[in-house]
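Here are the chains, one letter per residue:
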Amino acid sequence: MALTPSGGHLFSANQNADRISIFARDAETGILSDTGRAIEIGTPMCVKIVR
């Protein structure tokens, strides 16, 4: 998993599902919401945010 520098989104690698799921994060509560968006990629093992 990786949190974006702004703290607004969390990316989660799902190795068995072959995708990286993208969640929106509420800045005040930290609660995550599924955005319904994902990056389809074969067997992701980690996530790294690069500026």
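Residues numbered from 1 in each chain as written. Predicted model: local features only at pLDDT ≥ 70, side-chain atom pairs only at ≥ 80, totals over all residues. Heavy atoms only, no water.

Asker: Describe the pairing of strand β4 (residues 32–40), listing the residues and the values that go with them.
Answerer: The pairing of strand β3 (residues 19–25) with β4 spans six bridges and is classified as antiparallel. Note that in β4 the partner of F23 across the bridge is D34. The turn linking β3 back onto β4 is made up of six residues, and G30 within it adopts a positive phi angle of 80°. (Pairing = 2+ DSSP bridges. Helix = DSSP H or I, 4+ residues; strand = E, 2+ residues; numbered from the N terminus.)

Asker: Tell me about the pattern of salt bridges, residues and numbers included.
Answerer: For the structure on display, the rule yields one salt bridge. Here E40 and R19 are joined by a salt bridge, their closest N and O atoms 3.9 Å apart. Placement of the pair is E40 in strand β4 and R19 in strand β3, with a sequence separation of 21 residues. Under the relative-accessibility criterion, E40 is labelled exposed at 58%. (Salt bridge = Lys/Arg side-chain N within 4 Å of Asp/Glu carboxyl O. Buried < 20%, exposed > 50% of the residue type's maximum accessible area, 1.4 Å probe, protein only.)

Asker: Describe the sheet that holds strand β1 (residues 2–3), with residues and values.
Answerer: The strand order across the open sheet formed by four strands is β1-β2-β3-β4, and the pairing between neighbours is antiparallel. The open sheet has two free edges, formed respectively by β1 and β4, since each of these has just one partner strand.

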